[in-house]
Amino acid sequence: MSVNGVGAPSTIATVSSCDTGRSIQFMFAKLQLEQSSICKTQAEAYMDKIEAAQKGQKECADMIAKARELQNNAKNGTGDCPWDKKASMMPQEMADYYNKHGLSYDKTGNDLANNTDEWDYNIKSLTNYQETLGSYTQTDMVYLQDFMSQYNSFLQGANSAIQDSNDTLSAILKG
């Protein structure tokens, strides 16, 4: 018997169609394939989660770059604040980003104007958030590696059981 595409859902159906009632090896192989499918699904979920986190890290890095640019403008006296060229205005989309992610930023004067020191505070908040995202991503990668390892182990177990069963059948046929 030939089993193609080990690990694919159709493979489980192929193994199920065998007379597993008489072969413990094929029953074990079926169980291993089902377990590998579960691990594959969980690994895919972690891959999606990591991809989203990496997108978030890039978005945060872009915010940090923009904040540093605005800080440099304030430092150089070329800020866009109407009443103080030693300050730069935080764009509304940046303030929205801070609020969306629960980040703190300087609100001195109840406006979005920030001098160099205020930008330091804002940038530290973004940097801390970026580090947190990185930490979560690393943890998720460890989980992903674990599920991939389990997936490979279950596939190896299934292949081993099928090979053992084939060896037994070959020995019986040879008499």
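Here goes a summary of the coordinates provided.

## Notes on the overall build of the protein
Helix and strand counts for the protein stand at 4 helices and 2 strands. Listed N to C, the secondary structure of the protein is α-α-β-α-β-α in terms of helices and strands. Taking contacts inside the protein between residues at least 6 apart in sequence as the whole, the part at least 24 apart equals 65%. Summed over all atoms, the accessible surface of the protein reaches about 10700 Å², with 52% contributed by carbon and sulfur.

## Things to note about the nonpolar core
If you look at the biggest cluster of nonpolar residues, it comprises 18 residues, and the most contacted ones within it are Met90, Met94, Tyr97, Tyr98, Trp119 and Leu126. Every element with two or more residues in this core is listed here: helix 2 (24–75), helix 3 (92–100) and helix 4 (116–174). Broken down by element, this core gets its largest block of residues, 6 residues, from helix 2. Discounting residues that sit within four places of it in the chain, Tyr98 has contacts with Met90, Leu103, Ser104, Tyr105, Asn122, Ile123, Ser125 and Leu126.

## Considering the pattern of salt bridges
For the structure on display, the rule yields 3 salt bridges. In this structure, Asp140 and Lys49 form a salt bridge, with 3.6 Å as the shortest nitrogen-oxygen distance. Here Asp140, found in helix 4, pairs with Lys49, found in helix 2; they are 91 residues apart in sequence, far enough to count as distant. Looking at Lys49, the relative accessible area reads 47%, which means it is partly exposed. Among the salt bridges present, the one from Asp62 reaches Lys58, with a minimum N-O distance of 3.1 Å. Of this pair, Asp62 and Lys58 both sit in helix 2, 4 residues apart, which is roughly one turn of that helix. Taking relative accessible area as the criterion, Lys58 reaches 52% and is therefore assigned exposed.

## Regarding the environment of Pro91
Locating Pro91 in the fold gives a position in the loop between strand 1 (88–89) and helix 3. Remark: the alpha-carbon pair of Pro91 and Ala113, spanning 22 residues in sequence, is separated by 9.4 Å.

## Remarks on helix 4
An ideal rise of 1.5 Å per residue puts 87 Å on 59 residues; helix 4 measures up with 85 Å between its terminal C-alpha atoms. Between the side-chain oxygen at the start of helix 4 and the backbone nitrogen of Asp117 there is a gap of 3.0 Å, and the oxygen is on Asn115. Phi turns positive one or two residues past the end of helix 4, at Gly175, with a value near 75°.

## A few points about the packing of helix 2 against helix 3
Relative orientation of the contacting elements helix 2 and helix 3 amounts to 130°, with a least axis distance of 11 Å. When the interaxial angle is binned, helix 2 and helix 3 end up oblique. Considering the relative orientation of helix 2 and helix 3, their crossing is left-handed. Here Gly56, Glu59, Cys60, Met63, Lys66, Ala67 and Leu70 of helix 2 come into contact with helix 3, specifically with Glu93, Met94 and Tyr97. Along the lines of polarity and charge, the residues of the contact of helix 2 with helix 3 split into 6 nonpolar, 1 polar and 3 charged.

## Thoughts on the environment of Asn159
With respect to the element layout, Asn159 can be found in helix 4. Residue class for Asn159 comes out partly exposed when judged on its relative accessible area of 38%. Sequence separation between Asn159 and Leu33 is 126 residues, and the spatial gap between their C-alpha atoms is 9.1 Å.

About the criteria used
- Residue positions are given per chain, counting from 1 as you read along its sequence in written order.
- Residues qualify for local features only when their pLDDT is at least 70, as the model is predicted, and side-chain atom pairs are given and counted only at 80 or more; totals for whole chains, interfaces and linings, by contrast, use all residues.
- Think of the side-chain values as coming from all heavy atoms in the structure, minus any hydrogens and water.
- Secondary structure is summarised from DSSP: a helix means a run of H or I of at least four residues, a strand means a run of E of at least two, and numbering begins at the N terminus for each.
- Whether two residues are in contact is decided by their heavy atoms: any pair within 4.5 Å suffices.
- Computed with a 1.4 Å probe, the accessible areas rest on the Shrake-Rupley method; for each residue, only the protein chains presented here act as cover.
- Here, nonpolar core refers to any group of buried Ala, Val, Leu, Ile, Met, Phe, Trp, Tyr and Cys residues whose side-chain atoms link them within 4.5 Å.
- To sort residues, take the accessible area from a 1.4 Å probe on protein chains only and compare it with the maximum for the residue type: under 20% means buried, over 50% means exposed, and anything in between is partly exposed.
- Salt bridges, as used here, are contacts in which a Lys or Arg side-chain nitrogen is within 4 Å of a carboxyl oxygen on Asp or Glu.
- For a helix, the expected span equals 1.5 Å multiplied by the number of residues minus one.
- Any pair of nitrogen or oxygen atoms within 3.5 Å is treated as a polar contact; in protein, a donor-acceptor pairing is required on top of that, and neighbouring residues in sequence qualify only through side-chain atoms on both sides.
- Lines fitted to the C-alpha atoms define the axes, with helices restricted to the stretch that makes contact. Angles between their N-to-C directions range from 0 to 180 degrees.
- The labels follow the angle: roughly parallel below 35 degrees, roughly antiparallel above 145, roughly perpendicular from 65 to 115, and oblique for the rest.
- Left-handed describes a crossing whose near helix is turned anticlockwise from the far helix through less than a right angle; right-handed describes the clockwise counterpart.
- Charged residues are taken to be Asp, Glu, Lys and Arg, nonpolar residues to be Ala, Val, Leu, Ile, Met, Phe, Trp, Tyr, Cys and Pro, and polar residues to be all remaining types, Gly included.

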